[in-house]
There are 2 protein chains.
Amino acid sequence: MFSIGTLSDRTGVKIPTIRYYEEMGLLPEPERTAGNQRRYTQAGLDRLGFIKHARDLGFTIESIRALIDLNDHPDHSCATANAIATSQLDDVRAKIARLQRLETELVRIATHCDGKGRASDCYVLTSLADHSLCETAH
Amino acid sequence: MFSIGTLSDRTGVKIPTIRYYEEMGLLPEPERTAGNQRRYTQAGLDRLGFIKHARDLGFTIESIRALIDLNDHPDHSCATANAIATSQLDDVRAKIARLQRLETELVRIATHCDGKGRASDCYVLTSLADHSLCETAH
DNA sequence: TCTTGAACCTCTAGTTACTAGAGACGTTAG
DNA sequence: CTAACGTCTCTAGTAACTAGAGGTTCAAGA
């Protein structure tokens, strides 16, 4: 049996976050000692690892809840899991595309200003005030 | 003079958000009608446009506050504006790099699963349970 | 001038995924 | 047995809004 601190050390998930996952229903309520402290089994540790990995990949708590549900029902179709992963991939790609557009604009804005002039002539400020100077939509 | 609804229509910023910006000190408190409704000048409209553009580029409220402060003091050096823009650019680039690593993993995970199998054999689920299958750090 | 309907007001609470802190209690090594 | 550290619950805070309740004001048409 593992204490909450041990789980935290092994997975890199902070203690309050573990308790938060429990409250959100991602982790089942573990056994308690006579003094009311949580004691986890290997299964609890594994599940927390699963959650951590999914969170690192950007899955929402809601998505993870659905994935765990599937994990607990091995006979179900994995169509849902595939849909969740694909949707997450689309999401990540959309975010990359948007950030790349922002990068273009920020490079333009930042390179026109060497930081040595005065605010009244600053291209950073001018550029923010006038959207029409932008090259891409955002 | 413009009503808050007009400002909203012209800038694309929702009405509650405009009030929120006012509360955060990004927008000065506008004049009011006898019946307590906000009435904005052209300067107010321009400032909201500035804020909107900066938010679209991902600047935080805190950064925008600093940029506005510079805008209001044309004699100050623009070193701060340059630093804020550069830092924002670094931030965007770091986010892109991380998302690209996630994309790699998600492609790997999603393409191994056609959604037609059963949950017990699902690569999405296996992969999330076992971090060692990953190709990159995240 | 009156009416009506859209626009506006303030205030509270909810969102996501945690994080921080207070104050009390439990566990364990020496 | 005691000191020191781990853990407990609870509340509140974070960023940047969004939603809704319940009430007031404005502007345009009759």
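Residues numbered from 1 in each chain as written. Chains lettered and ligands numbered in written order. Predicted model: local features only at pLDDT ≥ 70, side-chain atom pairs only at ≥ 80, totals over all residues. Heavy atoms only, no water.

Chemist: Tell me about the domain arrangement of chain A, and please be specific about residues and values.
Modeler: The assigned domain composition of chain A is domain 1 (4-58) and domain 2 (80-133). Centre-to-centre, using C-alpha coordinates, domain 1 of chain A lies 37 Å away from domain 2 of chain A. (Domains from an automatic or database assignment.)

Chemist: Residues and numbers for the protein's contact with DNA strand D, please.
Modeler: Around DNA strand D there are 19 residues in total, and A:Ser3, A:Arg19, B:Thr17, B:Thr33 and B:Arg55 lie nearest to it. Take the atoms of DNA strand D that sit within 4 Å of the protein: sugar and phosphate atoms are 87% of them. One of the side-chain nitrogen or oxygen atoms of A:Arg32 is found 3.2 Å away from a phosphate oxygen of DNA strand D. Side-chain polar atom of B:Thr17 to a phosphate oxygen of DNA strand D: 2.8 Å apart, as the coordinates give it. (Near = heavy atom within 4 Å. Polar contact = N/O pair within 3.5 Å; in protein donor to acceptor, adjacent residues only side chain to side chain.)

Chemist: Describe unusual backbone geometry, and please don't skip the residues or the numbers.
Modeler: Residues and elements named next belong to chain A. Backbone geometry places Asn36, a non-glycine residue, at a positive phi of 80 degrees. Within the element layout of this structure, Asn36 appears in the loop between strand S1 (31-32) and strand S2 (38-39). Classification of Asn36 as exposed rests on a relative accessible area of 51%. (Helix = DSSP H or I, 4+ residues; strand = E, 2+ residues; numbered from the N terminus. Buried < 20%, exposed > 50% of the residue type's maximum accessible area, 1.4 Å probe, protein only.)

Chemist: Describe the protein's contact with DNA strand C, and please don't skip the residues or the numbers.
Modeler: Near DNA strand C you find 19 residues, and of these A:Thr17, A:Thr33, A:Arg55, B:Gly5 and B:Arg19 are the closest. At a separation of 2.8 Å, a phosphate oxygen of DNA strand C approaches a polar backbone atom of B:Gly5. Measuring from a phosphate oxygen of DNA strand C, one finds a side-chain N or O atom of B:Arg32 at 3.3 Å. Those elements that place two or more of their residues in the surface near DNA strand C are helix H2 (15-23) of chain A together with helix H1 (4-11) and helix H2 (15-23) of chain B. With three residues, the single largest contributor to the surface near DNA strand C is H2(A). Here the residues of the surface near DNA strand C sort into five nonpolar, nine polar and five charged. (Nonpolar A, V, L, I, M, F, W, Y, C, P; charged D, E, K, R; others polar.)

Chemist: Quick rundown of the nonpolar core? Include the residues and the values.
Modeler: If you look at the biggest cluster of nonpolar residues, it comprises 78 residues, and the most contacted ones within it are A:Phe59, A:Leu67, A:Val124, B:Phe59, B:Leu67 and B:Val124. Excluding its chain neighbours within four sequence positions, the residues that come into contact with B:Phe59 are A:Leu106, A:Leu128, B:Ala54, B:Ile64, B:Leu67, B:Ile84, B:Ala85 and B:Gln88. (Core = buried A, V, L, I, M, F, W, Y, C linked by side-chain atoms within 4.5 Å. Contact = heavy atoms within 4.5 Å.)

Chemist: Give a detailed account of the relation of the copies chain B and chain A, specifying residues and quantitative values.
Modeler: Expressed as a screw operation, the relation of chain B to chain A combines 0.0 Å of axial shift with a rotation of 180 degrees, fitting to an RMSD of 0.1 Å. In symmetry terms, the pair is related by a two-fold rotation axis. Taking C-alpha positions as the reference, the residue of chain B nearest the rotation axis is B:Ile96, at 2.9 Å. A symmetric contact is evident, with 98% of the interface residues of chain B recurring at the interface of chain A. (Least-squares fit on C-alpha atoms with pLDDT ≥ 70 in both.)

Chemist: How would you sum up the interface of chain B and chain A? Please name residues and give values.
Modeler: Listed as interface residues are 56 residues of chain B and, on the opposing side, 55 residues of chain A. Linking chain B with chain A are two salt bridges, by the criterion used here. We note a salt bridge from A:Glu103 to B:Arg93, for which the minimum N-O separation is 2.7 Å. Linking chain B to chain A there are 18 residue pairs in polar contact (both at pLDDT 80 or more). Looking at the side of chain B that touches chain A, the elements that each hand over two or more residues are helix H3 (42-56), helix H4 (61-71), helix H5 (79-111) and helix H6 (123-129) of chain B. Here the residues of the side of chain B that touches chain A sort into 28 nonpolar, 17 polar and 11 charged. (Salt bridge = Lys/Arg side-chain N within 4 Å of Asp/Glu carboxyl O.)

Chemist: I'd like a rundown of the packing of aromatic side chains, residues and numbers included.
Modeler: Residue and element names in this part refer to chain A. For the structure on display, the rule yields two aromatic pairs over all chains. Taking the centre distance of 6.1 Å and the plane angle of 50 degrees together, the rings of Tyr20 and Tyr21 count as tilted. Classification of Tyr21 as buried rests on a relative accessible area of 7%. (Phe/Tyr/Trp six-rings, centres within 6.5 Å; stacked < 30°, edge-to-face > 60°.)

Chemist: Let's hear about the environment of B:Val13: which residues, and what values?
Modeler: Residue and element names in this part refer to chain B. With respect to the helices and strands, the residue Val13 is situated in the loop between H1 and H2. For Val13, a relative accessible area of 5% translates into the label buried. On a C-alpha basis, the gap between Val13 and Asp121 in space is 47 Å, while along the polypeptide they are 108 residues apart. Setting aside residues up to four positions removed in sequence, Val13 forms contacts with Ser8, Ile18, Tyr21, Leu48 and Lys52.

Chemist: Tell me about the packing of helix H5 (residues 79-111) of chain A against H5(B), and please be specific about residues and values.
Modeler: The contact between H5(A) and H5(B) brings their axes to 8 Å, and the two run at 155 degrees. One finds that H5(A) runs roughly antiparallel with respect to H5(B). Here H5(A) and H5(B) pass one another in a crossing that is left-handed. Grouping the amino acids of the contact of H5(A) with H5(B) by side-chain chemistry returns 16 nonpolar, eight polar and six charged. (Axes fitted to C-alpha atoms, helices over the stretch in contact; angles between N-to-C directions. Parallel < 35°, antiparallel > 145°, perpendicular 65-115°, else oblique. Left-handed = near helix turned anticlockwise from the far one by under 90°.)

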